[in-house]
Amino acid sequence: STVAAAFAPGLVLRCSASIWDITTRSPLDIFFVLDSSASIDSAGWSAEKDATVRMVDAFATAYGSQSSLVSAGVAQFSTSTRLEIGLTKDLAQVKSAVRAMSQDSGATYMATALKMCASQLGTRDEEDAHACIIITDGEASDPAELPATLQQLKTENIKLMGIYVGSDASSAGKLREMVC
């Protein structure tokens, strides 16, 4: 399976130096998990939601006339994880759900959020490309649970992408280690 993605100038993959030329489009299932913990201020929360909407648009644009191959879903996480919209090909509905999300508050339980990704993406067609995108500003409140959850994603061939929001180099590094 291959994944087509469009990224803004300056967005860099920092996990490896590999570059792949993508020549075909396969079905893409993408699930976003947005950090809605107490450390995210209202401007940051709005930025997370706006970025998610823009990414949904970018995937649809990258797929062009084949945008029906793209399915997306969204959850937010803090102390608990809440499914906002399950995987659907109705990308307008996904964007509407994201725009309507109200921020939860609490800790940053990432393993639970990633389990939601596995639950949403793991039941999909094995021929589809599966990607979980986590947007967060902090360290996990549940670090002991992460290794098993990350292994589950890997076993189910779900690619994990992380987007860091914030300015703490240590937390950014931990997110990089988690996704690379």
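Heads up: the structure comes first, above all this text.
Because the structure is a prediction, the values reported are computed rather than measured. (Residues numbered from 1 in each chain as written. Predicted model: local features only at pLDDT ≥ 70, side-chain atom pairs only at ≥ 80, totals over all residues. Heavy atoms only, no water.)

(A) How the structure looks around the overall build of the protein chain. Within the protein chain, the secondary structure is distributed over five helices and five strands. Put simply, the protein chain runs from its N terminus to its C terminus through helices and strands in the order β-α-β-β-α-α-β-α-β-α. Counting the 180 residues in the protein chain, one finds 43% classified as buried. Pairs at least 24 residues apart make up 77% of the contacts formed inside the protein chain by residues separated by at least 6 positions. Surface exposure of the protein chain reaches about 9200 Å², of which carbon and sulfur atoms provide 52%. (Helix = DSSP H or I, 4+ residues; strand = E, 2+ residues; numbered from the N terminus. Buried < 20%, exposed > 50% of the residue type's maximum accessible area, 1.4 Å probe, protein only. Contact = heavy atoms within 4.5 Å. Areas by Shrake-Rupley, 256 points an atom, 1.4 Å probe, with all protein chains shown as cover.)

(B) Looking closely at the pattern of salt bridges. On inspection of all chains with the given rule, the structure shows five salt bridges. In this structure, Asp57 engages Lys95 in a salt bridge whose closest nitrogen and oxygen atoms are separated by 2.6 Å. One end of the pair, Asp57, is in helix α1 (residues 42-63); the other, Lys95, is in helix α2 (residues 91-100), and 38 residues separate them in sequence. One salt bridge connects Glu139 with Lys174, and the closest N-O pair in it is separated by 2.9 Å. A residue pair is termed long-range when its members are at least 10 positions apart, and Glu139 in the loop between β4 (129-136) and α4 (146-155) and Lys174 in helix α5 (residues 169-179) qualify at 35 residues. Classification of Glu139 by relative accessible area gives partly exposed; the value is 35%. The class for Lys174 is partly exposed, based on a relative accessible area of 42%. (Salt bridge = Lys/Arg side-chain N within 4 Å of Asp/Glu carboxyl O.)

(C) Region of the structure containing the sheet that holds strand β5 (residues 158-164). Taken in spatial order, the five strands line up as β3-β2-β1-β4-β5 in an open sheet, and their pairing is mixed. Edge positions in the sheet fall to β3 (81-88) and β5, since each of these pairs with one other strand and no more. Going from strand to strand, the sheet's axes swing by 15° on average, the running direction of each strand aside. Note that strand β1 (residues 28-35) and strand β2 (residues 70-77) share eight bridges and pair parallel. From the neighbouring strand, Asp35 faces β2, where its bridge partner is Phe77. Here α5 sits on the sheet in contact with β4 and β5, set at roughly 170° to β5. (Pairing = 2+ DSSP bridges. Axes fitted to C-alpha atoms, helices over the stretch in contact; angles between N-to-C directions.)

(D) Quick look at the side chain of Ser171. Summarising the element assignment, Ser171 is placed in helix α5. Dropping the residues within four chain positions of it, Ser171 is found in contact with Asp137, Gly138, Glu139 and Tyr164.

(E) Examining helix α3 (residues 110-121) more closely. Here α3 is 12 residues long and its end C-alpha atoms lie 16 Å apart, about the 16 Å a rise of 1.5 Å per residue gives. Along α3, the residues that are buried comprise Met110, Ala111, Ala113, Leu114, Met116, Cys117, Ala118, Gln120 and Leu121. (Expected span 1.5 Å × (residues − 1).)

(F) Focus on the packing of α1 against α2. The N-to-C vectors of α1 and α2 enclose an angle of 170°; their axes lie 9 Å apart at closest approach. It follows that α1 is roughly antiparallel to α2 by the angle criterion. Contact residues: Lys49, Thr52, Val53, Val56, Asp57 and Ala60 in α1; Leu91, Val94, Lys95, Val98 and Arg99 in α2. Looking at the contact of α1 with α2 residue by residue, the class counts come to six nonpolar, one polar and four charged. (Parallel < 35°, antiparallel > 145°, perpendicular 65-115°, else oblique. Nonpolar A, V, L, I, M, F, W, Y, C, P; charged D, E, K, R; others polar.)

(G) Spatial organisation of the environment of Ala62. Along the chain, Ala62 falls in helix α1. Judged by its relative accessible area of 18%, Ala62 falls in the buried class. In the structure, Ala62 is positioned 37 residues away from Arg25 in sequence and 9.3 Å away in space, judged by C-alpha atoms.

Remember that the coordinates give geometry; whether it matters functionally is a separate question.
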